[in-house]
Structure formats: C-alpha cells, structure tokens
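What follows is the residue order along each chain.
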Amino acid sequence: MTAGTEIIGPSPFIVGFTLSDIDVGNGIRLRTAIGGKGEPLLLLHGHPQTHVTWRKVAPELAEHFTVIAPDLRGYGDSSKPESDADHRPYSKREMARDMMLLMAGLGYNRFAVVGHDRGGRVAHRLALDYQQAVTRVVFIDIAPTATMYARTDKTFATRYFWWFFLIQPAPLPEKLISADPAFFLEKHINGQLKTPGATDPEIFNEYLRCYANPQTLHAICEEYRAAATIDLADDEADGEKRIIAPVLALWGAKGTVGQLYDVEQTWREKALDVRGNALPCGHSPQEEIPRRTLDELLNFLA
C-alpha cells in the first residue's frame, strides 16, 4: 500500500476484499476495495452506484487478477473536493488522473480497466490520456459522451432525463433530490435495471447511505455538469486522438443505450480495435447477469 493509506478492514459486500482509504497524492482519498492476485485490473463504477456494484463479479475476477475497485471522487466514501465555475474538479480528466495516481501508487504502471456507466467515461479519458498505461478497456452500457449529446432526440431526452436535470445550475437538482433521495434513487435504479431483484434491499440501502449525503449529491451534479461542458471541450480538443488499447463494448439489449445506438460502431469512431456484444439485460450487466458478464470479461481480459 502507498503512504497515507488507512486500512478499514474486510469489505462487508465483496467477499475476500479489503477496504482502504488511499491518499493518491493530489489531495484526493479514494475508498478502495482490493482483492486477488495476478495482473492488475481496475474496476470503475457508475451512477448512482459505488464500487459495491462489482460485488457479484469481483470475487471470481480476483481468482485471475489483482482487482482494484475504488469509489470515484465525489461518489461513495471517496473525497468530494470543492468545484469551480468550469466544473473542472469533476471532469473526467481529473477523475482519470486520480485513477492513474492510484494505480501508480500501488505499483502498477500498466493495467486493464473495466468501466460501467460514468466509470466507463472515466475509463475513456484514462485510455486517451495515459495510452501507454491502459492495456485493455471494457465499456459497459455506454456510447461516447459527445456522441450521445450530439444525437440527442426526444426519446433519449425522455429516457435519460437526468442528463439534463442534474446539469441545471446549483442548487436546483440538489435540493429537489434531497427532499426524498430514496424515492429518486429507487426510481432511477428500477428504471435502468431490467432484472427484478438485481439490487437487493441491503445493497440499495448502501447506495442510499452514500447518495443521501448532501456533499455526494452536489458532487454527482457537478460531475454531470462537467460532462456537459468541460468534458465536451476536452473531447473536442482530442477529436483526432484514438484509444490504442483493445476495446470491448458490452451493452444491455433491454436498455436505452443498446436500443438507441449502434454501440460497437460508436466506439469504432473512437478506438482502433473494437469488438462488442449485446447482453440480455438492462443497464447493469454486472448486477443483472453476473455469470454472463464474467464470461465476457474473462474471455476478453485473458
């Protein structure tokens, strides 16, 4: 472990993993679950989850890899830094830098990455900014951010309304959600996942514990505001740059992304080596169909 690491103890949700708060050296501490042995594998969660989203797949992945699953900055129990007018502290570039510092501090200069939802967007930036570090990358149920905004229509705006709600100036979305965070969180998860029971009550309560924190709510809104502003500017500046690591795109055939986009083709516009598969689920394959998700990940990462 790096200097400035506080070991919390065994994870209550991911069998065989240890929780730590790791100071990555830029003023950010990341709550991180680590387990297994072998080549390093970084798992990045999405919204509105935390690293706990990997609970059904991480133990078996840990039989083959050293698995590192942090909470992104702003999420879960990780640091929630002050933002600014440009939302730069919650840009994917800054979040990707967190991950590079985390992995380097753990002694890993080259590693594979799996990113779901917002974590996939961090993984996209990570694979662009640190091309020599990322060996393989998996994007779960996303198309590129700029592509999704550029192709917005009524159907997408209706199904993914939070992309346009959370980016409203503070404190509008923060205050509205804080009136009943459990209601918002339940509606969000149930609307995205298409497999009943994929998020059991204990896990929902863990997500809610984090989501109901006013600092977390503000940080999440800032992350979405960054996605609609500074992230798009960064993407435009790197418009000709391509991911050089092999890419696997996985998406839920029952979800919005899979139904509205040719997901594999959207990533062919951003990367040199892309393959993809639709899965029989909604937005969160790792929670809805973990066995099939594991088979896809192990086949690609091996």
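Our subject is the structure listed above.
This report concerns the structure included in the present document. Small disclaimer: the values here were computed from a predicted structure and weren't measured. (Residues numbered from 1 in each chain as written. Predicted model: local features only at pLDDT ≥ 70, side-chain atom pairs only at ≥ 80, totals over all residues. Heavy atoms only, no water.)

### Some words on empty space enclosed by the protein
According to the stated counting rule, one finds three cavities of 30 Å³ or more in the structure shown. As for the largest cavity, its lining consists of K92, R93, R121, H124, R125, L128, T145, D231, D234 and D235. Among the secondary structure elements, those contributing two or more residues to the lining of the largest cavity are helix 2 (92-105), helix 3 (118-129) and helix 11 (230-237). The dominant element in the lining of the largest cavity, judged by the number of residues it contributes, is helix 3, at four residues. Its residues assigned to classes, the lining of the largest cavity comprises one nonpolar, two polar and seven charged. Empty space within the second largest cavity amounts to approximately 50 Å³. Surrounding the second largest cavity, H124, L128, D235, D238, G239, K241, R242 and K270 form its lining. Here the lining of the second largest cavity is composed, by residue class, of one nonpolar, two polar and five charged. (1 Å grid on protein atoms, 1.4 Å probe; cavity = no way out; pocket = protein on both sides within 12 Å on 5 of 7 lines; lining within 4 Å. Points joined across faces, edges and corners; volume = space filled by probe spheres on them. Helix = DSSP H or I, 4+ residues; strand = E, 2+ residues; numbered from the N terminus. Nonpolar A, V, L, I, M, F, W, Y, C, P; charged D, E, K, R; others polar.)

### A look at the nonpolar core
It is characteristic of soluble globular proteins that their nonpolar side chains tend to be buried jointly. Within the largest apolar cluster, 94 residues are counted, with the highest numbers of intra-cluster contacts made by L42 and I243. Here this core gets six residues from one element, more than from any other, and that element is helix 2. Residues contacting L42, with those up to four places away along its chain left out, are I68, P70, M99, L102, M103, F111, A112, V113, V114 and L126. (Core = buried A, V, L, I, M, F, W, Y, C linked by side-chain atoms within 4.5 Å. Buried < 20%, exposed > 50% of the residue type's maximum accessible area, 1.4 Å probe, protein only. Contact = heavy atoms within 4.5 Å.)

### Details of the state of the cysteines
Throughout the structure, instances matching the rule amount to zero disulfides. Between C210, a cysteine without a disulfide, and C221, which holds the nearest cysteine sulfur, the sulfur-to-sulfur distance is 16 Å. (Disulfide = S-S within 2.5 Å.)

### Observations concerning the pattern of salt bridges
Applying the stated criterion across every chain, the model contains 26 salt bridges. Each of R88, R93, R125, D129, D234, D235 and D238 takes part in salt bridges that share partners, so that together they form one network. (Salt bridge = Lys/Arg side-chain N within 4 Å of Asp/Glu carboxyl O.)

### Description of the packing of aromatic side chains
For the structure on display, the rule yields 13 aromatic pairs. Taking 6.0 Å as the distance between ring centres and 50° as the angle between the ring planes, the aromatic pair formed by Y160 and W163 counts as tilted. Overall, the relative accessible area of 2% leaves W163 in the buried class. Here the aromatic cluster, defined as three or more aromatic residues joined through ring pairs, consists of Y149, F156, Y160, F161, W162, W163, F164, F165, F184, Y211 and Y261. It is R118 that lies over the ring of Y224; its NZ or CZ is 3.7 Å from the centre. (Phe/Tyr/Trp six-rings, centres within 6.5 Å; stacked < 30°, edge-to-face > 60°. Lys NZ or Arg CZ within 6 Å of the ring centre and 35° of its normal.)

### Overview of the environment of A157
Examined against the element boundaries, A157 turns out to sit in helix 5 (residues 154-159). The residues contacting A157, other than those within four sequence positions of it, are T152 and F164.

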